[in-house]
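# A look at the structure
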Amino acid sequence: MSPSKFCLLCLMLCLWMSPASLLHSWPESYIVVHYGSSHTLECNADNEEITWVPVTDCTQGHSGSSLIGVDRPCAGNYTCLSSRNKVLKSVYVFMMQDDNLHISCSMESHSSPVVQCVLHIPEELQGLVRVMVSTRPAVEQQWVYVTNPQRTEEINVNLSLPKSCVFGEQVSPIIVTVQAISDTEFATGSKRFYINEVVRPAPPEDVKVDVSRKHLSVSWKYPNTWSNPHSFFPLLFQIKLHYPDNKTVSQ
């Protein structure tokens, strides 16, 4: 066997042994395919003969460039090799999970610089998670990569928002997008909302109760995180009185 063929054989064996390796970072190049579908792997080789490795039951067609009837065993990293054993391209293949990821978000005020979101990630997809917030659909922002060492199904994240005029009308919704991957699967989800739909004010501050023989006086202040001026962003407060006879009165 010639040295070049031996090197190619060794490389193919190495790639064969780990098509779906343990991922420690987000792949630079990847594709997402649906279960049972087909996909053609593209590799620009300038008319040079190429080979896609690993060669498995999933790869069919010329030079193994087609994935037919894709299933979970087909997921993993595929590498395009030239006839001179040069790596031309690597692409990771994920299987699309049908269920969308759920996101719930809230803000403490209309002028809050951050939006607080809870990402609901299934246990099998807690390997790598990233989230992005955008205020304009056509403008993509930077991904925020989330760590979850406890591998909980709910991940809390604070996402910074670009500055905007809180006194004007919000024309475009805020869009939060989350993606999660395991070694074989990919899932995504998004949530669109306007600020007034998710504002959840913090509890009132400096609450004081003065009790006399016939009168009860309650005072409080707006939460420190609430937008100013309060006359432009008024809050409605509710007081509940609990009497010894278990009677409750709300005002």
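Residues numbered from 1 in each chain as written. Predicted model: local features only at pLDDT ≥ 70, side-chain atom pairs only at ≥ 80, totals over all residues. Heavy atoms only, no water.

### A few points about the confidence of the model for the protein
On average, the protein scores 82 in pLDDT, and the residues at 70 or more come to 85%. Within the protein, the element-level pLDDT minimum falls on helix α1 (residues 3-17), averaging 45, and the maximum on strand β8 (residues 102-106), averaging 95. Every residue in residues 1-18 is under pLDDT 50, and counting partners more than four places away or in other chains gives 15 contacts. (pLDDT = per-residue confidence, 0-100. Helix = DSSP H or I, 4+ residues; strand = E, 2+ residues; numbered from the N terminus. Contact = heavy atoms within 4.5 Å.)

### Some details on the packing of aromatic side chains
A complete count under the given rule lists 11 aromatic pairs for this structure. Here Trp 26 and Tyr 145 contribute two aromatic rings whose centre-to-centre distance is 6.4 Å and whose plane-to-plane angle is 65°, an arrangement assigned as edge-to-face. Here Trp 26 is found in the loop between α1 and β1 (30-33), whereas its partner Tyr 145 is found in strand β11 (residues 144-146), with 119 residues between them in sequence. Relative accessible area serves as the criterion here: at 11%, Trp 26 is assigned to the buried category. Every member of this aromatic cluster is reached through a ring pair, and the members are Trp 26, Tyr 30, Tyr 92, Phe 94, Tyr 145 and Phe 186. When the ring centre of Trp 143 is taken as origin, the NZ or CZ atom of Arg 130, which lies over that ring, is 4.3 Å away. (Phe/Tyr/Trp six-rings, centres within 6.5 Å; stacked < 30°, edge-to-face > 60°. Buried < 20%, exposed > 50% of the residue type's maximum accessible area, 1.4 Å probe, protein only. Lys NZ or Arg CZ within 6 Å of the ring centre and 35° of its normal.)

### Here we look at a nonpolar patch on the surface
Together, Val 207, Val 209, Val 211, Leu 216 and Trp 220 make up an exposed nonpolar region whose accessible area comes to about 470 Å². Sorting the residues of the nonpolar patch by element identifies β15 (205-211) and β16 (216-221) as the ones contributing at least two each. Its location among the elements puts Val 211 in strand β15. (Patch = residues over 30% accessible without salt bridge, like charges linked within 9 Å, V, L, I, M, F, W, Y side chains within 5 Å. Areas by Shrake-Rupley, 256 points an atom, 1.4 Å probe, with all protein chains shown as cover. Salt bridge = Lys/Arg side-chain N within 4 Å of Asp/Glu carboxyl O.)

### So, the sheet that holds β8
Read from one edge of the open sheet, 3 strands run β8-β9-β12, paired in antiparallel fashion. Since the sheet does not close on itself, it has two edges, and those belong to β8 and β12 (154-160), each with one partner. Along the sheet, successive strands turn relative to each other by an average axial angle of 25°, direction set aside. Pairing geometry for β8 and strand β9 (residues 114-120), over 5 bridges, is antiparallel. Within β9, the position partnered with Cys 105 by the bridge is Cys 117. (Pairing = 2+ DSSP bridges. Axes fitted to C-alpha atoms, helices over the stretch in contact; angles between N-to-C directions.)

### Remarks on the pairing of β15
Bridge count for β15 against β16 is 5 bridges, and the pairing is antiparallel. Paired with Val 211 across the strands is Leu 216, a residue of β16. Here β15 hands over to β16 after 4 residues, the two strands then running antiparallel side by side.

### Thoughts on a negative patch on the surface
On the surface, a cluster of negative charge is contributed by Glu 123, Glu 124, Glu 153 and Glu 154. Tracing the chain through its elements places Glu 124 in the loop between β9 and β10 (128-134). (Lys, Arg positive; Asp, Glu negative; His and termini not counted. Charge placed at Lys NZ, Arg CZ, Asp CG, Glu CD.)

### A short note on the side chain of Ser 182
Structurally, Ser 182 can be placed in the loop between β13 (174-181) and β14 (185-193). Residue Ser 182 is classed as buried on the basis of its relative accessible area, which comes to 14%. Setting aside chain neighbours within four positions, we find Ser 182 in contact with Leu 23, Phe 94, Glu 124 and Leu 125.

### Notes on unusual backbone geometry
Residues Val 53 and Pro 54 are joined by a peptide bond in cis, for which omega reads 5°. Take Pro 54: it is sitting in the loop between β3 (50-53) and β4 (59-60). Of note in the backbone geometry, Asn 85 takes a positive phi value of approximately 70° without being a glycine. Note on placement: Asn 85 falls in the loop between β6 (76-82) and β7 (87-96). Positive phi is not limited to glycine here, since Asp 206 has a value of about 50°. Assignment of secondary structure puts Asp 206 in strand β15.

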